[in-house]
Amino acid sequence: MGLLSDPNRRRALISLLTRLNTPICIVCYMAGVAWFMGLAFEPFTLRTYMSENAMGSTMVEERFPAGERALATGREFSAHKKRTGGMPVEWLMKTMQAKGLEVFTQRFSRTLPFPDENKERYMVRGTNVYGILRAPRAPRTEALVLSAPCSPGDNNNQAVGLLLGLAEYFRNQIYWAKDIIFLVNEHDLIGMQAWLEGYHHTNTTGMDWSPLQGRGGSIQAALSLELSSDIITSLDLVLEGLNGQLPNLDLANLFYAFCQKIGVLCTIQGKLQRNDWDSVSGYSHAVQTMMLMVMKQASGRPWGDHGLFLRYHIEAATIKGVNSFRQYKTDATTIGRLLEGMYRKLNNLLERLHQSYFFYLMPSLSHFVSIGYYMPAFGLLAVILLLRALDLWVQLSTPPQRTEDGSSPGVLSLLTPLVISHLTGVALYMLPIRFQEMAVEHFPVSETEAVVLTAIAVYTLLSPGTEQGWRVLKLVAVLYLAVLLGCTALINFSLGFILALTLVPVAAFVTPHVPKVLSAFILVILSPACTLLFSVFFFQELQEMPISFQDGWLLFLSVISQGILDHSLYGSLVYPLITLLVYPCWLLFWNILFWN
Amino acid sequence: AMAEQKFRVRARALVCVFVCVVMCGCGRDDFQEELVIRPLHSGDIYTSFQFRTLWETDFTRENKVSHYRLFPKSLGQVISKFSVRELHISFTQGYWRTMQWGQPYLPSPPGAELWVWFQDSLTDVDGTWKELTNVLSGIFCASLNFIDSTNTVQPSASFKPLGIGNVTDHRFLRYATLPREIVCTENLTPWKKLLPCGSKAGLAVLLKSEKLFHSSFHSQAVHIRPVCKDDQCKTTSWELRQTLNVVFDLHNSGQGKNEWSLFKMFSRTLTEACPVASSSKIYIDITDNSQGEQFELSPATPLLSQAVVLGDRRTFSVYDLTQQITFGTMRSLNLLIRGKSSDMLRPLLHAERYVAGYGLQTGEIHTLMYNNHPYRSFPVLLLDSVPWYLRLYIHTLTVTSKGKDNKPSYIHYQPSKDRVRPHLLEMLVQLPPNSVTEVTLQFERALLKWTEYTPDPNHGFYVGSSVISSLVPSIVAMDTNNSRERPLFSSFFPSKEESSYFVRVYTEPLLVNLPTPDFSMPYNVICLTCTVVAVGYGSLYNLLTRSFQIEEPSPGLAKRIANIIRKMRGVPPL
C-alpha cells in the first residue's frame, strides 16, 4: 500500500484519475461492450462437459418401445379433453391408476389482480392430477418429476400421451431408486405454482389450493414436456426460469448428450448449432443465440413450466418439440427413449445436481460462458460509476472555498429528492393494481403516463440548490446505482448488464451544466421504460419476427402488464426492482439535470 | 468280526446315552417356523416368515451358560454379557405403503432400528449400549456402530417391554434408528446363519437373496425377549423371533400375469420341514376370497384356521409341512396363487410426514395423522427424534385437528445439545374420528463445521421416521351386526382382547438439505477473489478516508529523555 500512503504519489494518482476520468470512462464502456460481444466468439468460450460423475460414466440403455401407443393415448386424452371442455380429471385418474401409479388430485383457484388479455383469463379454477410411481425398496425420500401441461385447444396432447406411455413403461422396471411423479397441470404456470406451493406447503402468492395427499420426498430434478405434433423435427431446450434463475448446467449437458447419442436435432433459443464459427454469419448466429438468452433471462419470467421449480432448488428444464419444415424427422418412440435415458441417469444421481455451473450463458448448446468470463463485461461498466464517484469525491474534498460557502449542503436538501423519488417509485408500484378497477382497459397506458407525470412533478417540486448540493446528490446517486446494479448483476447478470448499458452513460454524463433539452431527451431515451421498449423491438428482431411500431407499442404495454402479473402470480422480482429502486435512481439523475 | 460287532454295539449304546443326556439336559428347546402369505389389495403378495426359538435358561440365576443347542451362541453371549433384557433390531429396505397394503404384521421403519431394554441391575447403561451396538454391528454386518449419543434417545412412553417383567424405568431403555442404512445380502446371510437349520432345510430354503431383493419391500428383524414357560410363570425362557417380511410386486416380474407360485417368488420349492422344528406351517390368507373369486390355490388344502389379526377376523388356509401328505406325490410343495388387483385402502390409522418451505435457512416439519374410524376417537403416542443440526423451535409446535387446536395431554420434550444428543419429542394426542391431525414444528438449519459434513453433503441429511403407537379400535368390534358365528349373548359387550389392537406406524424418513459450502474449485476461486477484492477495497477506502500529515522525523533518544525531564519540571518541551 506504499503507493497510496505516499502523499506525493497519491496526489499524482488522484490527479491522473481526475484528469483522465472521461477518457478512461469511455474506454471502459467500449471495453465492456466489446468484452460482452466477444463472449459469443467460439474460441473464447468453453465446451460443455458433464461434471456430475454419477451421470457421466454410467451407461444406460434406452428401450422404450411404445411411442405409437403413447400417441394413441394422447389422442384419447384429446377426445376426453374436448368432451369435458377442460382437464379430463376422471379419465386421467383412471388411466394413471390402470398403469399402476398412486393417483392424487389437487384443486386450486386464483383470481388475477386484473384480467390477463394474452391468455384471456381472470378467475382461474382448475385441477392438477398427478400419479406417483413408487420406487421399489426406496423410503420415499427422493423424487423426480415429469410434467406436461394440459393446454387449451389441440396443444400438448402428445406430451400428455407420452407422459402416460412413459409412466406405463417405467412402472415395469425394477431399477428405480427415486419415486417418479407424473404431473399433468392445468392452466400452465398457475397450476404448476399451485402444485409446487402445495407440495412444499408454502404460500407466497396468496393462491387457494387444496393440500396434497401424496408426496415423494425431496424433489431432485424435474422436466416439463411440451409436444404438439406426432412427429417433430427438433427438440428445444428452455432453461430460463423465474427471476433469471437457471438450472444447473449439467441438466443441459445431459439433454445435449442424449440428443447426440440418440440422434435428435436439438436447439436452444430455437437456434440450431452451427459449425462455421469463423465466418461472420456463424458468429452473428452465436451472438443472436446468446442475446436471446440474455433478453429472456433479463425479463425474469419463467419461460416454461420448469421455471417455477428453481425457487425450490429443484433443477428443472422444459423440453419443447418443434415441428418445422426441416427434412429430419423424429417420432415419439425416439423422444420417449431420450426421456427414458435422461430419467435413468437422473435416477442414478447420488446427490443433487451441484457439480456444474449455475451461472452461465449459452451461445450454443455445446458451448457456454461461465460467470468468471462474463462478469468482467459488467465489471468494466460498473467501474465507470466508481471512477465518477471518485472524481466527485475529490472535487468535493479539494476546493478550499467550501468553508466560505457557509456549510456543506444540508441533509435536508439531499434527503428531499431521495425521499420524493422513492415515493414516486412506490406510487408507480402501487398504482397499476390499485387503479385497475378504474382503468381495466387502459391501465398500461396510464402507467406510462404516470412515469412522465411524476418525473415532471418531482422536477417542479424541487427547491433551488447549491453547486455543492448537486455534487453530493450525484455522488450519492452514482454510488446507489453502483450498489444496485452490482447486486442485480450478481443475481441476474442479464438484467444488471442491460440496465448498466443504459443507465451508466446517464450517470456518467449528467450535470446541471449540460444543454438541458438535449440531455433531457437523452435521459428519457435511456430511461428504464424506453430500455424496455427497445428491448421488445430487439427481441422480436432476434427471433426473426420484426414488427411494426404500432404492434411493438402494443406488445410493450402487454409486456408491462405481464411483468406485473408475473410479480403477483409467481413472485417475480423484476417489476418491484424496476419501480422501487431503478426508476427512483433514474429520477435522481433527472433531478441533477434540472438542478438550479 | 466279533470285536467289531462289540465295538459297534458299544458305540451305539454310547450314542444312545449321549442323545439321552442331550434330550434330558436341554431338550426343552423349541423351534417353530411359519410362513404367512397374504395377497394384498394392490395385487402385490405379502410374505411374512417367522422363526421362533425358545431357550429354557435363566440368566438371572446362573451366570455362566456354555451349552447351546438351538439358540444361536452369538446372540446368547450378547444377552449374558451386556445384561440385555430385551432386544429388538430390524433392517428394512423400502417403505411400507399403508394406503395400499394395509397394516403389516410387524412394522419397521426404513433403515435400521434398534431398541434395547437393559437389566435394572446394570450401572453403566451408556457404556454398555455403545459396546452392544458395536458387537451387533459385527454380528449383522451393518453400520450399527454409527449409533452414538447423537442419535440415541430414551423414549418415556412409546416403547414398553414386550416380554415379561415390569421394569418401565426408561433409564434402562435405548432407542436409535439409522434411516440411511441400506439392507442387502450381506445383512441377510448372518441373519440366516442364526437359524438352527440355516438355509439348508425348512422354510428357510426359500430365502434366496436374488429373489428377496427383487421386491417392493424387504424387512428382516430379530426380537429377543423373556417369556413365561407355563401358565404360572414360575420359570422363564428366552424367545428369539426372527422375522422376514417381503412384498413382491406383480408388475415388476409377472409380465402382467397375476399368477404366483412359490417357485416364481423364491425360485425354490419346499421339500421338507426343518427336522428340528416342532411346527412348520404355511398360512395363506384367504379372507377376501371366500368364494374363490379373487384367487385360487393349488394344491388345495382342507385345513382352515381363523384368527383375529390386527383387529380383523381373518381366515387362513394352512399347510402343515411336518405332514408328509402335504407334499403329495411330487415330494415338493409349490403353491400357485392366481389373483387380480383392486384399488386403494383406507386404513384406520396412518400417517405421513414432510418438510415444508424452501430455502436453506428455516423449514417446517409437518406430520399428518389420519384417523379414518367413522365414529371413535383414540389416543396416539407420537415419538419424534430429530438430529441436533435441525434446531427445533419448540414454541412453534402446533397440533390441529379439523381446523381446531388439539392440545396434547402429555408432552415429553428433551432439547438437543449440539453434537451431543438429538431432540426428543413425545406427545399423547387424541385423534378425533374421521379426521386429519396435523403437527407442525419449525426448525432452523444449522451450519455444520466443515469436517462434520458427510462425503456427499449435497445429498442431504436424514431425519428418522416418527413413530406413532396406538391402541386402535378393531374392525371386529366395529361390526356390531356380526352375529353369524357367535351366540347373541356373547356379542353385546365387546370382549377386551378384540375391542382394540396395538398398532405402530412409522412415517417416512425425511431428507433435509443443510446449507452446504461448495467444496470445489470454484469455491476456492470465489474465496480467493473475495480476498483480492477485499484487499483492493481496503486500499481504496484507505485512499478515500485517511488524511495524511507530514510529521517531523522522530526525535532522538537524548531529546526524548530531555523532554520527559522538562515535562516533569513543567517546562514546555523542546
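Just so we're clear, the structure is a prediction, and the values are computed from it rather than from any experiment.

Quick notes on the confidence of the model for chain A
Move 1: On average, chain A scores 86 in pLDDT, and the residues at 70 or more come to 91%.
Move 2: A low-confidence stretch, residues 402-406 of chain A stays under pLDDT 50, and its non-local contacts, those more than four residues away or across chains, total three contacts.

So, the nonpolar core
Move 1: Within the largest apolar cluster, 145 residues are counted, with the highest numbers of intra-cluster contacts made by Phe182, Phe255, Met362 and Phe589 of chain A.
Move 2: Looking at which domains feed residues into this core, each of domain 1 (69-269 + 302-350) and domain 2 (411-594) of chain A gives three or more.
Move 3: When sequence neighbours within four positions are dropped, the list of residues in contact with Phe255 of chain A reads Leu235, Leu237, Cys266, Ile319, Leu338, Met342 and Leu365 of chain A.
Move 4: Of all hydrophobic cores here, the second largest spans 81 residues; its members include Ala112, Leu195, Trp260 and Leu424 of chain B.

Notes on the domain arrangement of chain A
Accessible area lost upon the coming together of the parts serves often as the stated size of an interface.
Residue and element names in this part refer to chain A.
Move 1: In terms of domains, chain A is made up of domain 1 (69-269 + 302-350) and domain 2 (411-594).
Move 2: Look at where the C-alpha atoms of domain 1 and domain 2 centre, and you get two points 37 Å apart.
Move 3: In this assembly, 20 residues from domain 1 lie in contact with 19 residues from domain 2.
Move 4: When the two sides are added together, the surface that domain 1 and domain 2 hide from each other amounts to roughly 1,600 Å², 61% of it contributed by carbon and sulfur.

Some details on the packing of helix H10 (residues 280-299) of chain A against helix H18 (residues 528-542) of chain A
Residue and element names in this part refer to chain A.
Move 1: The geometry of H10 relative to H18 is characterised by a closest axis approach of 10 Å and an angle of 140° between their N-to-C directions. As far as their axial angle goes, H18 and H10 are oblique. Crossing hand, H10 versus H18: left-handed. For the pair formed by H10 and H18, the contact residues are Gln288, Met291, Leu292, Met295 and Lys296 on the first element and Ser535, Phe538, Phe539 and Leu542 on the second.
Move 2: Residue composition of the contact of H10 with H18, grouped by class: six nonpolar, two polar and one charged.

Topic: helix H17 (residues 516-525) of chain A
Residues and elements named next belong to chain A.
Move 1: Among the residues of H17, those classed as buried are Ser519, Ala520 and Leu523. For H17, the buried positions fall inside an angular range of 100° around the axis, keeping them on one side. Exposed and oriented more than 90 degrees from the buried face of H17 are Val517, Leu518 and Phe521.
Move 2: Residues of H17 that are buried in the fold lie against helix H16 (493-509) and helix H20 (574-593).

Focus: the sheet that holds strand S12 (residues 367-370) of chain A
In sheet architecture, strand pairing relies on hydrogen bonds along the backbone and comes in two forms, parallel and antiparallel.
Residues and elements named next belong to chain A.
Move 1: The antiparallel open sheet is built from three strands, whose spatial order is S1-S12-S11. Single-partner strands in this sheet number two, and they are strand S1 (46-47) and strand S11 (360-364).
Move 2: Two elements, S1 and S12, share two bridges in a ladder whose sense is antiparallel. Paired with Arg47 across the bridge in S12 is His367.

Details of the state of the cysteines
Move 1: Scanning all chains against the criterion turns up one disulfide over all chains.
Move 2: Sulfur-sulfur distance for the disulfide between Cys197 of chain B and Cys274 of chain B comes to 1.7 Å. Across the disulfide from Cys197 of chain B to Cys274 of chain B, rotation about the S-S bond amounts to roughly 65°, and the bridge is consequently right-handed. Taken together, the positions of Cys197 of chain B in the loop between helix H5 (185-193) and helix H6 (209-212) and Cys274 of chain B in the loop between helix H8 (262-266) and strand S10 (279-285) put the pair 77 residues apart, joining distant regions of the chain.
Move 3: The exposure class of Cys274 of chain B is buried, given its relative accessible area of 3%.
Move 4: Not engaged in a disulfide, the cysteine Cys487 of chain A finds its nearest cysteine sulfur in Cys585 of chain A; these two sulfurs lie 12 Å apart.
Move 5: In this model Cys184 of chain B remains outside any disulfide bridge; the closest cysteine sulfur is found in Cys141 of chain B, 11 Å from its own.

Remarks on the domain arrangement of chain B
Residues and elements named next belong to chain B.
Move 1: You can read the domains of chain B as domain 1 (22-339) and domain 2 (349-481 + 491-512).
Move 2: In this complex, domain 1 contributes 30 residues to the contact, which on the side of domain 2 involves 37 residues.
Move 3: Taking both partners together, domain 1 and domain 2 bury about 2,600 Å²; carbon and sulfur atoms supply 59% of that area.
Move 4: For Asp456, the salt bridge is made with Arg180, and the minimal N-O distance between the two is 2.6 Å.
Move 5: Contributing elements (two or more residues each) for the side of domain 1 that touches domain 2: helix H3 (98-101), strand S4 (111-118), strand S5 (152-153), strand S6 (173-178) and strand S13 (312-320).
Move 6: Tallied by class, the residues present in the side of domain 1 that touches domain 2 amount to 14 nonpolar, 12 polar and four charged.

Here's the deal with a nonpolar patch on the surface
Move 1: Together, Val411, Leu415, Val419 and Leu423 of chain A make up a nonpolar patch on the protein surface, roughly 370 Å² of accessible area in all.
Move 2: Of the residues examined, Leu423 of chain A reaches a relative accessible area of 52% and is grouped as exposed.

A short note on empty space enclosed by the protein
Move 1: Tallied over the entire structure, the rule returns seven cavities of 30 Å³ or more.
Move 2: A volume near 150 Å³ is recorded for the largest cavity.
Move 3: Lining the largest cavity are 16 residues, and of these Glu42, Arg274, Gly282, Ala286 and Ser364 of chain A sit closest to its centre.
Move 4: When residues of the lining of the largest cavity are traced back to their parent elements, those giving at least two are H10 and S11 of chain A.
Move 5: If you tally residues by element for the lining of the largest cavity, the top one is H10 of chain A, at four residues.
Move 6: Residues of the lining of the largest cavity, tallied by class, amount to six nonpolar, seven polar and three charged.
Move 7: As a volume, the second largest cavity reaches approximately 100 Å³.
Move 8: Lining the second largest cavity, in full, are Tyr95, Trp96, Thr98, Gln103, Pro104, Pro107, Ser108, Pro110, Arg504, Val505 and Tyr506 of chain B.
Move 9: Looking at which element gives the most residues to the lining of the second largest cavity, the answer is strand S25 (residues 500-506) of chain B, with three residues.
Move 10: For the lining of the second largest cavity, the residue count by class is seven nonpolar, three polar and one charged.
Move 11: When residues of the lining of the second largest cavity are sorted by domain, at least three fall in each of domain 1 (22-339) and domain 2 (349-481 + 491-512) of chain B.

What about the interface of chain B and chain A?
Move 1: The partner chain A presents 39 residues to the 39 residues of chain B that form the contact.
Move 2: Taken together, both faces of the contact between chain B and chain A bury some 3,700 Å²; the carbon and sulfur share is 57%.
Move 3: One can count three salt bridges joining chain B with chain A.
Move 4: Notably, a salt bridge pairs Glu352 of chain B with Arg215 of chain A, separated by 3.9 Å at the nearest N-O pair.
Move 5: For the side of chain B that touches chain A, the secondary structure elements donating two or more residues are strand S7 (217-228), helix H7 (250-254), strand S15 (349-356), strand S16 (362-371) and helix H11 (521-545) of chain B.
Move 6: Per-class residue counts for the side of chain B that touches chain A are 17 nonpolar, 15 polar and seven charged.

The rules behind these values
- Residues numbered from 1 in each chain as written.
- Chains lettered and ligands numbered in written order.
- Predicted model: local features only at pLDDT ≥ 70, side-chain atom pairs only at ≥ 80, totals over all residues.
- Heavy atoms only, no water.
- pLDDT = per-residue confidence, 0-100.
- Contact = heavy atoms within 4.5 Å.
- Core = buried A, V, L, I, M, F, W, Y, C linked by side-chain atoms within 4.5 Å.
- Buried < 20%, exposed > 50% of the residue type's maximum accessible area, 1.4 Å probe, protein only.
- Domains from an automatic or database assignment.
- Buried area = accessible area lost by both parts, 1.4 Å probe.
- Axes fitted to C-alpha atoms, helices over the stretch in contact; angles between N-to-C directions.
- Helix = DSSP H or I, 4+ residues; strand = E, 2+ residues; numbered from the N terminus.
- Parallel < 35°, antiparallel > 145°, perpendicular 65-115°, else oblique.
- Left-handed = near helix turned anticlockwise from the far one by under 90°.
- Nonpolar A, V, L, I, M, F, W, Y, C, P; charged D, E, K, R; others polar.
- Arc of directions from axis to C-beta.
- Pairing = 2+ DSSP bridges.
- Disulfide = S-S within 2.5 Å.
- Salt bridge = Lys/Arg side-chain N within 4 Å of Asp/Glu carboxyl O.
- Patch = residues over 30% accessible without salt bridge, like charges linked within 9 Å, V, L, I, M, F, W, Y side chains within 5 Å.
- Areas by Shrake-Rupley, 256 points an atom, 1.4 Å probe, with all protein chains shown as cover.
- 1 Å grid on protein atoms, 1.4 Å probe; cavity = no way out; pocket = protein on both sides within 12 Å on 5 of 7 lines; lining within 4 Å.
- Points joined across faces, edges and corners; volume = space filled by probe spheres on them.

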